[in-house]
Amino acid sequence: MPPSPARAPLAAFPIDWGGLAPLRLKSRAIAEGVYAGMHRSIRKGAGVEFGGQRPYVPGDDLRFFDRRALLRHDRLMVREFETETDRALWLCVDATASMSYRGRRAPGAKLAYAALIAAAMARVALATGDPVGLAWLGGAGTHGLPAMAGREAFERIVGALEATSAAQDWSGDAGAIERALAPVAKKARRGAVVLLISDLLDLAHESGAEGALSAFTPLSTGGRTLIALQVLDPSEADLDFEGNVRLRALEGGAVVEADAGAVRAQYQARLAELTDTWSRALASRGGRLLRATTAEPPTDVVRALVRAIAEVRR
């Protein structure tokens, strides 16, 4: 269902970096403290996916000699293949309005934390020669990037992360996630790892968790691996407020007045239900869901992500 025309678009919230900046320096430090690679880097050889042709040179393996090219073009050509170790990391970062939240115990906003994790993961992948792409869910000033490797890739990814602000209310647009992820579905090849970093709280709210999952899980087709990292503010994870509170959703416009202590158990049960739904859905497709709060050491989170990716690739 399209968003209501009566609802004005939410203003952009600049990233509240708090103690999580400068992004370049902190993400490099995190990557250096993590296992140096998720898998072997790209190489050419015998494999499962055709990778193109090149002119024959003395010493080439004759098993890959392209006879059809000789008959058609009178040229000696060798067929190349990309092995199953070829990997690209696609970062899908949630920058909708709810990601701008920062509670009193957090070192920065959820979007700032997500950007730091994304930059560090990019650094780890690029260190092994693996390409990294970037896609956005919502946000203002966003700049998506194709999968690329090399020295300049990290700077371009960091620049895109730093330039983004949290914006857009997707609570009434069930098709927004599918449209946002369409470039990844089109460009991510076999063996790619698709990492979604989001709070998962307000994505396609009117369709619930199943609406968001129905847009994300199809990316697992074609041999791609799905990993989701749910990033919550400590106050969201614990509902650590006391007494009567008035809470307003950053997406959807809902306002709730309640005694925090009286509803805490029910709130945490609903949150656990959301987590379980995502976890079971991803596991059924060979993926994994991880959780983190913005108060957790980012090095531990990146290490857990690298470990999860390695485990699901076995």
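Note: the structure precedes this text.
Residues numbered from 1 in each chain as written. Predicted model: local features only at pLDDT ≥ 70, side-chain atom pairs only at ≥ 80, totals over all residues. Heavy atoms only, no water.

### Let's talk about the overall build of the chain
Helices and strands together make up the secondary structure of the chain, namely nine helices and 13 strands. Every one of the 314 residues in the chain was classed for burial, and the buried ones make up 48%. Contacts spanning at least 24 positions in sequence make up 78% of the contacts within the chain whose residues lie at least 6 apart. Accessible surface, the chain: about 15,000 Å² in total, of which carbon and sulfur atoms supply 52%. (Helix = DSSP H or I, 4+ residues; strand = E, 2+ residues; numbered from the N terminus. Buried < 20%, exposed > 50% of the residue type's maximum accessible area, 1.4 Å probe, protein only. Contact = heavy atoms within 4.5 Å. Areas by Shrake-Rupley, 256 points an atom, 1.4 Å probe, with all protein chains shown as cover.)

### Comments concerning helix α5 (residues 176-187)
An α-helical segment advances 3.6 residues per turn. Residues three or four places apart therefore align on the same side. All of the buried residues along α5 are A176, I177, A180, L181 and V184. An end-on view of α5 places all buried positions within 95° of arc, on one side of the element. Along α5, exposed side chains directed more than 90 degrees from the buried face belong to E178, R179 and K186. (Arc of directions from axis to C-beta.)

### Re the nonpolar core
Within the largest apolar cluster, 54 residues are counted, with the highest numbers of intra-cluster contacts made by M121, L161 and L229. In contact with L229, not counting residues within four places along its chain, are I117, L195, L196, I197, S198, L290, R291, A292, V301 and L305. Counting 31 residues, the second-largest nonpolar core is a separate cluster that includes I177, L196, L219 and L232. (Core = buried A, V, L, I, M, F, W, Y, C linked by side-chain atoms within 4.5 Å.)

### With respect to the sheet that holds strand β5 (residues 89-94)
Here we have six strands laid out as an open sheet, ordered β7-β6-β5-β9-β10-β13, and mixed in their pairing. Among the strands making up the open sheet, the edge pair consists of β7 (145-148) and β13 (288-293). Neighbour-to-neighbour, the strand axes of the sheet open up by a mean angle of 20°, direction not taken into account. Relative to β5, helix α3 (residues 110-127) is tilted by about 175°, and along the sheet it contacts β5, β6 (132-137), β7, β9 (193-198), β10 (225-232) and β13. (Pairing = 2+ DSSP bridges. Axes fitted to C-alpha atoms, helices over the stretch in contact; angles between N-to-C directions.)

### Focus on the packing of aromatic side chains
For any pair of aromatic rings, the description rests on two quantities: the centre-to-centre distance and the angle between the ring planes. In this structure the tally under the stated criterion is one aromatic pair. Arranged with centres 6.1 Å apart and planes meeting at 40°, the rings of F216 and W278 form a pair that is tilted. A residue pair is termed long-range when its members are at least 10 positions apart, and F216 in helix α6 (residues 208-216) and W278 in helix α8 (residues 260-283) qualify at 62 residues. Pair check on accessibility: F216 and W278 agree, each one buried. Positioned above the aromatic ring of F154 is the side chain of R123, whose terminal nitrogen or guanidinium carbon lies 4.9 Å from the ring centre. (Phe/Tyr/Trp six-rings, centres within 6.5 Å; stacked < 30°, edge-to-face > 60°. Lys NZ or Arg CZ within 6 Å of the ring centre and 35° of its normal.)

### Quick word on the pattern of salt bridges
Applying the stated criterion across every chain, the model contains 14 salt bridges. Among the charged side chains, a network of salt bridges with common partners joins R24, R28, E155 and E162. (Salt bridge = Lys/Arg side-chain N within 4 Å of Asp/Glu carboxyl O.)

### Describing the side chain of T128
Tracing the sequence through the fold places T128 in the loop between α3 and β6. A distance of 2.7 Å separates a polar atom in the side chain of T128 from the backbone oxygen of A125. Of the polar contacts made by the side chain of T128, one reaches the side chain of D130; its length is 2.5 Å. (Polar contact = N/O pair within 3.5 Å; in protein donor to acceptor, adjacent residues only side chain to side chain.)

### A look at unusual backbone geometry
The residue after A21, namely P22, is reached through a cis peptide bond having omega 0°. Summarising the element assignment, P22 is placed in the loop between β1 (13-14) and α1 (23-32). One non-glycine residue, L200, lies in the positive phi region at around 65°. Mapped onto the elements of the fold, L200 is located in the loop between β9 and α6. Owing to a relative accessible area of 6%, L200 belongs among the buried residues under this scheme.

### Re the side chain of T294
In this fold, T294 is placed in the loop between β13 and α9 (298-312). Using a relative accessible area of 1% as the deciding quantity, one classes T294 as buried.

### A few points about the environment of Q268
Residue placement: Q268 occurs in helix α8. For Q268, a relative accessible area of 34% gives the class partly exposed. Placed 31 residues apart in sequence, Q268 and A237 show a C-alpha to C-alpha distance of 7.6 Å. With sequence-adjacent residues up to four places away left out, Q268 is seen in contact with A237 and D238. From its side chain, Q268 meets the backbone oxygen of D238 in a polar contact 3.3 Å long.

### Topic: the packing of α1 against α3
Two elements in contact, α1 and α3, have axes whose closest approach is 8 Å; the angle formed by their N-to-C orientations is 55°. On the basis of the axis angle, α1 is oblique to α3. Read as a crossing pair, α1 and α3 show a hand that is right-handed. Seen from α1, the contacting residues are L23, K26, S27, R28, I30 and A31; seen from α3, they are A115, L116, A119, A120, R123 and V124. Among the residues making up the contact of α1 with α3, the classes are represented as eight nonpolar, one polar and three charged. (Parallel < 35°, antiparallel > 145°, perpendicular 65-115°, else oblique. Left-handed = near helix turned anticlockwise from the far one by under 90°. Nonpolar A, V, L, I, M, F, W, Y, C, P; charged D, E, K, R; others polar.)

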